[in-house]
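# Observations on chain architecture
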Amino acid sequence: QVQLVESGGGLVQAGGSLRLSCAASGRTFSTYTMAWFRQAPGKEREFVAAISWAGSRLYFADSVKGRFIISRDNAKNMVYLRMNSLKPEDTAVYYCAADPRVGPRFGPNEYDYWGQGTQVTVSS
């Protein structure tokens, strides 16, 4: 069982940066694939980025590639999403997700554990 708590969201101007954090509980965190998803009003939840259990494999949605960076610190049970060059279309609730299975996965129904979400608003 893993519990996830996101933080770091807020209001930022276009072109700015934010770092989201996800604190995980559970002794097996270091073996989980971790990911960030986002959901804008009226839209489906969409994949943003994922990182393998060792941090050696990173995956990004095309819409954020080159702007967002995902990382993890297994010693601290933390996952991060550094968001640079933010755009108004990045506005959404951002969710941290975890799954014990190995291998890349990009659909929200492929993750077993979810945080409560943190709001990111980018003003133009």
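The paragraphs below set out a description of the structure included in this document. Note that the structure is a prediction, hence the values are computed from the model and not measured.

## Quick word on the state of the cysteines
Summed over all chains, the structure comprises 1 disulfide. A sulfur-sulfur separation of 2.1 Å characterises the disulfide bridge that pairs C22 with C96. Linking C22 and C96, the disulfide has an S-S dihedral of approximately -80° and is accordingly described as left-handed. Highlighted residues: C22 in strand 3 (residues 18-25) and C96 in strand 9 (residues 92-99), separated in sequence by 74 residues. Like C96, C22 is buried.

## Overview of the sheet that holds strand 7 (residues 68-73)
Strand order in the open sheet formed by 4 strands is 1-3-8-7, with antiparallel pairing between adjacent strands. Strands with a single pairing partner mark the edges of an open sheet, and in this sheet they are strand 1 (3-7) and strand 7. Across the sheet, the axes of successive neighbouring strands diverge by a mean angle of 15°, strand direction being ignored. When strand 3 meets strand 8 (residues 78-83), the two strands line up antiparallel, connected through 6 bridges. Across the sheet, residue A23 finds its bridge partner in strand 8, namely M78.

## A word on the nonpolar core
With 36 residues, the main nonpolar core has L4, M34, W36, L81, M83 and Y94 as its most contacted residues. Sorting the residues of this core by element identifies strand 3, strand 4 (33-39), strand 5 (46-51), strand 7, strand 8, strand 9 and strand 11 (118-123) as the ones contributing at least two each. Not counting residues within four places of it along the chain, the set of residues in contact with M34 comprises L4, C22, F29, A49, A50, I51, I70, R72, V79, C96, A97 and A98.

## Focus on unusual backbone geometry
It is generally the case that most residues other than glycine have a negative phi and that most peptide bonds are trans. Positive phi is not limited to glycine here, since N77 has a value of about 55°. Tracing the sequence through the fold places N77 in the loop between strand 7 and strand 8. The backbone of S85 sits at a positive phi, close to 50°, despite the residue not being glycine. Here S85 lies in the loop between strand 8 and strand 9. Taking the relative accessible area as the measure of exposure, S85 reaches 41% and is therefore partly exposed.

Conventions and cut-offs
Residues numbered from 1 in each chain as written. Predicted model: local features only at pLDDT ≥ 70, side-chain atom pairs only at ≥ 80, totals over all residues. Heavy atoms only, no water. Disulfide = S-S within 2.5 Å. Helix = DSSP H or I, 4+ residues; strand = E, 2+ residues; numbered from the N terminus. Buried < 20%, exposed > 50% of the residue type's maximum accessible area, 1.4 Å probe, protein only. Pairing = 2+ DSSP bridges. Axes fitted to C-alpha atoms, helices over the stretch in contact; angles between N-to-C directions. Core = buried A, V, L, I, M, F, W, Y, C linked by side-chain atoms within 4.5 Å. Contact = heavy atoms within 4.5 Å.

Geometric values such as these leave the question of function open.
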